[in-house]
Amino acid sequence: MPNNTINSEDWRAALDKSGFRMTTVQETLIDIFARSEYPLSAEQAWEVARQSRPKTGRATVYRMVEKLESLGLIRRVHGYQGCSHFVPTLPELMMLFICLDCGRADYLDSQPLAELIQQSERVSGHHITDSRLQLFGACADCQQNA
């Protein structure tokens, strides 16, 4: 993702802290998910992993996706190709944008969202700790090429 701050070493540290023992195949999968500019399904990650590690098992990929999601390192993109795709989760509250033309994912400036949440908290009295705002449309590049 172009505007991300994903550090795959942070992911390795989080997995290590959780007691997860990592193989070289799983390290490859971490890099695939952390560096992708597009939402990936487990099947797509498996196909990419097999390019450099042909013996990668499909079950290994699915278990890794479950682990990364359970630790909050990746998040599911709802309403996009059957809700089976994932993007890296950023540490701060951000809006996720998916281009429906090229498929690229991008995190947008979170300031307007933070202001809206603060206002909502003042009005409602609720304390908001998480959000999953997803926006869909055409990115600037696809609009220019149209």
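Here the structure is shown first, and the text comes after it.
The structure presented is a predicted model; accordingly, all values stated were derived computationally and were not measured. (Residues numbered from 1 in each chain as written. Predicted model: local features only at pLDDT ≥ 70, side-chain atom pairs only at ≥ 80, totals over all residues. Heavy atoms only, no water.)

Student: Just checking my understanding: could you explain the sheet that holds strand 2 (residues 74-77) for this structure?
Tutor: In a beta sheet, neighbouring strands are held together by backbone hydrogen bonds and run either parallel or antiparallel to one another. Taking strand neighbours across the sheet as the criterion, the three strands line up as 1-3-2 in an open arrangement whose pairing is antiparallel. Each edge of the open sheet carries a strand with a single partner, namely strand 1 (40-41) and strand 2. Against the sheet, helix 4 (residues 58-70) makes contact with strand 2 and strand 3 (85-88), and its axis sits at roughly 105° relative to strand 2, the strand it touches most. (Pairing = 2+ DSSP bridges. Helix = DSSP H or I, 4+ residues; strand = E, 2+ residues; numbered from the N terminus. Contact = heavy atoms within 4.5 Å. Axes fitted to C-alpha atoms, helices over the stretch in contact; angles between N-to-C directions.)

Student: Help me out: how do you make sense of the pairing of strand 3 in this one?
Tutor: On a regular strand, each side chain points to the face opposite its neighbour's, so the side chains alternate between the two faces of the sheet. Burial along strand 3 is two-sided: His 85 and Val 87 and Phe 86 and Pro 88, pointing in opposite directions, are all buried. Sheet analysis places strand 1 next to strand 3, joined by two bridges and oriented antiparallel. The residue bridging Ser 41 from the neighbouring strand is His 85, located in strand 3. (Buried < 20%, exposed > 50% of the residue type's maximum accessible area, 1.4 Å probe, protein only.)

Student: So what exactly am I meant to see when it comes to the environment of Arg 76 here?
Tutor: Structurally, Arg 76 can be placed in strand 2. Given the relative accessible area of 28%, Arg 76 is considered partly exposed. For the pair Arg 76 and Phe 86, spaced ten residues apart in sequence, the C-alpha to C-alpha distance is 4.5 Å. Reaching out from Arg 76, the side chain makes a polar contact with the side chain of Glu 69 at a distance of 3.4 Å. (Polar contact = N/O pair within 3.5 Å; in protein donor to acceptor, adjacent residues only side chain to side chain.)

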